Amino acid sequence: MQLMLGLVENVSPAMLDWIGKTHAAAGMSQQATLALIKQNSGVSMGVKRLRACTVALAAAMEPIRQTHQVDALIEMLRIAGESSGSRKPVLAVGRDGITLRHRLGFFEVATAATLSVYDRAGKRLGTIYLAYPPELGQTTMDSMLTELLIELFTSWSGPLPRLAYVTDSGSNETNYFRRVLRPMKHPITGAKLDWTRVADFYHVSERVWAMAGALFPKSQERQSVAWARRMLKDLKRPSGASRVLHSAASLRSRRKLGKTRLANFQKAYRYIQERTSYLKYHDYKRNHLPIGSGVTEAACKTVFTQRLKLSGMRWSHSGAGQILTLRTILLSGTWEATYGATLLKNVATIRTYAPTTSMNPQIAA
């Protein structure tokens, strides 16, 4: 009877919808959610029942999460294609890691990924979010992100946007580009997809400041700051990385650096030198590609920090995964479509007392 009425743990579909969105919102804990339920509906619910509702809701929504996220991306691409501007629309993908505290007290690295669509004028139209609890090797996030992209390219029939992968240079982020994105082919045409790798400008800026600190003694702080700021401007000009490396090498040749300062300089210098092909910020900005991974780094805060890293919180792998399913659907703006689809999927067929049969006309006569 509960199935026929759409009840979950004796909770109506409308109430379950509200509970899910509330429990997935920023700043919410179990006790905060239970207090709001009692305040808004007068219903007293225990932790065990709230968890059962969360488990059931996440289990129903996760299998169809991707489909509705793809629908949202397709709508954004359609709007981007019809927008005014001098450049092609852009699909920018990013991913990053963040530490999450396990219920046993130790910390592990969880992952977040974003897919953002920019219109012809460079305006971000929206972002789809993915997240997964800590996992060695991050293979599940690899699969989630890859499968979402494949379904998107399979479903999208319009002109392809520019494709950008904007991240820092962490090992998981770099390996995903090398193993998956760089050799990726269109699932329909088989043509190789042209992904532009963009190294996050902020992380490169940190290396510029590190070189400035190594090249100039503390007594020349004003000159150090002036040089670093000039280099950051040069980074956004044609051949910007080469300009910075040439200036740094020239200064280095005229200075005697101690062992520590020399090591700091060389480490920062090599970081930029090894990534010059991903530092073409002048070209990226000209084509309205984002040069910073701020959207993805902000996702780590909005997805994880604001919900799963509140004071005293510890998580099991399954508990974190359930909340992350609900939270990424909520932040992606696909909650209504996804939850509505779960209701249609779970509609029970009501039987009559006896099966309807066709009457033999001869007998009827």
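Preceding this section is the structure that the text describes.
The notes below deal with the structure included here. Every value quoted in this text rests on a predicted model; they were computed, and no experiment measured them.

Calculation criteria
- Residues take numbers from 1 onward in each chain, read along the sequence in its written order.
- Only residues with pLDDT of at least 70 get local features here, since the model is predicted, and only at 80 or more are side-chain atom pairs given and counted; chain-wide, interface and lining totals rely on the full set of residues.
- Calculated side-chain values reflect all of the structure's heavy atoms, with hydrogen atoms and water omitted.
- Nonpolar cores were defined as sets of buried Ala, Val, Leu, Ile, Met, Phe, Trp, Tyr and Cys residues, with membership established by side-chain atoms within 4.5 Å.
- Summary of the burial criterion: residues with accessible area below 20% of their type's maximum are buried, those above 50% are exposed, and those between are partly exposed, where the area comes from a 1.4 Å probe applied to protein chains only.
- Every helix listed is a DSSP run of H or I at least four residues long, and every strand listed is a run of E at least two residues long, numbered separately from the N terminus.
- Angles run from 0 to 180 degrees between N-to-C directions of axes, and those axes are lines fitted to C-alpha atoms, restricted for helices to the stretch in contact.
- Orientation categories follow fixed angle ranges, with anything under 35 degrees roughly parallel, anything over 145 roughly antiparallel, 65 to 115 roughly perpendicular, and all other angles oblique.
- If you view the pair so one helix is near and one far, a crossing is left-handed when the near helix is turned anticlockwise from the far one by less than a right angle, and right-handed when it is turned clockwise.
- Any two residues having at least one pair of non-hydrogen atoms within 4.5 Å are treated as being in contact.
- Only strands joined by at least two bridges in the DSSP assignment are considered to pair.
- The definition of a right-handed crossover adopted here requires that, viewed with the strands pointing away, the path from the first strand over the helix to the second runs clockwise.
- To estimate how far a helix should reach, multiply one less than its number of residues by 1.5 Å.
- Picture the helix axis, draw a direction to every C-beta atom, and the arc is the one those directions span.
- Each residue gets one of three labels, nonpolar for Ala, Val, Leu, Ile, Met, Phe, Trp, Tyr, Cys and Pro, charged for Asp, Glu, Lys and Arg, and polar for the others, Gly among them.
- Any N or O atom pair separated by 3.5 Å or less is treated as a polar contact, with the protein-specific requirement of one donor-capable and one acceptor-capable atom, and with residues adjacent in sequence counted only for side-chain atom pairs.
- Put simply, a salt bridge is a Lys or Arg side-chain nitrogen that is within 4 Å of an Asp or Glu carboxyl oxygen.
- Working definition: rings of Phe, Tyr and Trp (its six-membered ring) pair if their centres are within 6.5 Å, and the pair is stacked with planes under 30 degrees apart, edge-to-face with planes over 60 apart, and tilted otherwise.
- Whether a charge lies above a ring is judged from NZ of Lys or CZ of Arg, which has to be within 6 Å of the ring centre and within 35 degrees of the ring normal.

## Thoughts on the nonpolar core
Counting residues in hydrophobic clusters, the biggest one holds 36 residues, and the most contacted among them are Val208, Met211, Trp227, Ile272 and Tyr281. Within the residue set of this core, elements represented by two or more residues are strand 1 (90-101), strand 4 (162-167), strand 5 (195-199), helix 7 (201-215), helix 8 (221-235), helix 9 (240-253), helix 10 (259-273) and helix 11 (281-286). When residues of this core are assigned to their parent elements, the largest contribution, seven residues, is made by helix 7.

## Focus: the packing of helix 12 (residues 294-308) against helix 13 (residues 317-331)
For the pair helix 12 and helix 13, the least separation of the axes is 10 Å and the interaxial angle reads 125°. Of the possible angle classes, the one that applies to helix 12 and helix 13 is oblique. Here helix 12 runs over helix 13; the crossing is right-handed. Facing helix 12, whose interface residues are Thr302, Val303, Phe304, Gln306, Arg307 and Leu308, helix 13 presents Ala320, Ile323, Leu324, Arg327, Thr328 and Leu331.

## Re the pairing of strand 5
The element strand 5 is largely enclosed, with a buried count of four among its five residues. One ladder, built from five bridges, connects strand 4 with strand 5; its direction is parallel. Bridge pairing links Tyr165 to Arg197 in strand 5. Note on the crossover from strand 4 through helix 6 (residues 171-181) to strand 5: the handedness is right-handed.

## Quick notes on helix 3 (residues 30-41)
Along its 12 residues, helix 3 runs 16 Å from first to last C-alpha, staying within 8% of the 16 Å computed at 1.5 Å per residue. Along helix 3, the positions that sit buried rather than exposed are Thr33, Leu34 and Ile37. Around the axis of helix 3, the buried residues are gathered within 100° of arc, so they sit on the same side. In helix 3, the exposed positions angled more than 90 degrees off the buried face are occupied by Gln31 and Gln39. For helix 3, the elements touching its buried residues are helix 2 (13-23) and helix 4 (47-81). Positive phi appears at Gly42, one or two residues downstream of helix 3, with a value of about 75°.

## Some thoughts on the packing of helix 2 against helix 4
Contact pair helix 2 / helix 4: the axes reach a minimum separation of 10 Å and the direction vectors enclose 95°. Taken together, the axis directions place helix 2 and helix 4 in an arrangement best described as roughly perpendicular. Side by side, helix 2 and helix 4 meet where Leu16, Ile19, Gly20 and His23 of the first sit next to Leu50, Cys53, Thr54 and Leu57 of the second. Across the contact of helix 2 with helix 4, the residue classes break down as five nonpolar, three polar and no charged.

## Let's talk about the side chain of Thr33
Within the secondary structure, Thr33 is located in helix 3. Its relative accessible area of 0% is what places Thr33 among the buried residues. Within the structure, the side chain of Thr33 is placed 2.7 Å from the side chain of His23, a separation counted as a polar contact. The residues contacting Thr33, other than those within four sequence positions of it, are Thr22, His23, Met28 and Leu50.

## Looking at helix 7
Taking 1.5 Å per residue, 15 residues should reach 21 Å; helix 7 reaches 21 Å between its end C-alpha atoms and fits that length. Turning to helix 7, its buried residues number three or more, namely Phe201, His203, Val204, Ser205, Val208, Met211, Ala212, Ala214 and Leu215. In this structure, the buried residues of helix 7 make contact with strand 5, helix 8, helix 9, helix 10, helix 11 and helix 12.

## What to know about the pattern of salt bridges
In this structure the tally under the stated criterion is 11 salt bridges. Between Lys21 and Asp17 there is a salt bridge, and its shortest N-O distance comes to 3.8 Å. Of this pair, Lys21 and Asp17 both sit in helix 2, four residues apart, roughly one helical turn. The salt bridge involving Glu82 is made with Arg78; its shortest N-O contact spans 3.1 Å. Looking at Arg78, the relative accessible area reads 34%, which means it is partly exposed.

## Quick notes on the packing of aromatic side chains
Evaluation of the coordinates by the stated rule reveals eight aromatic pairs. Between Tyr165 and Tyr176 the ring centres are 6.1 Å apart and the planes differ by 50°, which places this aromatic pair in the tilted class. Of this pair, Tyr165 sits in strand 4 while Tyr176 sits in helix 6; the two residues are 11 residues apart in sequence, bridging distant segments of the chain. Taking relative accessible area as the criterion, Tyr176 reaches 0% and is therefore assigned buried. On the numbers, 6.2 Å between centres and 80° between planes, the contact of Phe177 with Tyr278 is edge-to-face. Here the residue Phe177 occupies a position in helix 6, and Tyr278 occupies one in the loop between helix 10 and helix 11, the gap between them amounting to 101 residues. Phe177 gets classed as buried once you look at its relative accessible area, which sits at 5%. The aromatic ring of Phe201 is capped on one face by Lys236, whose charged end is 4.8 Å from the ring centroid. Looking at Arg255, its charged tip hangs above the ring of Phe216, at a distance of 4.7 Å from the centre.

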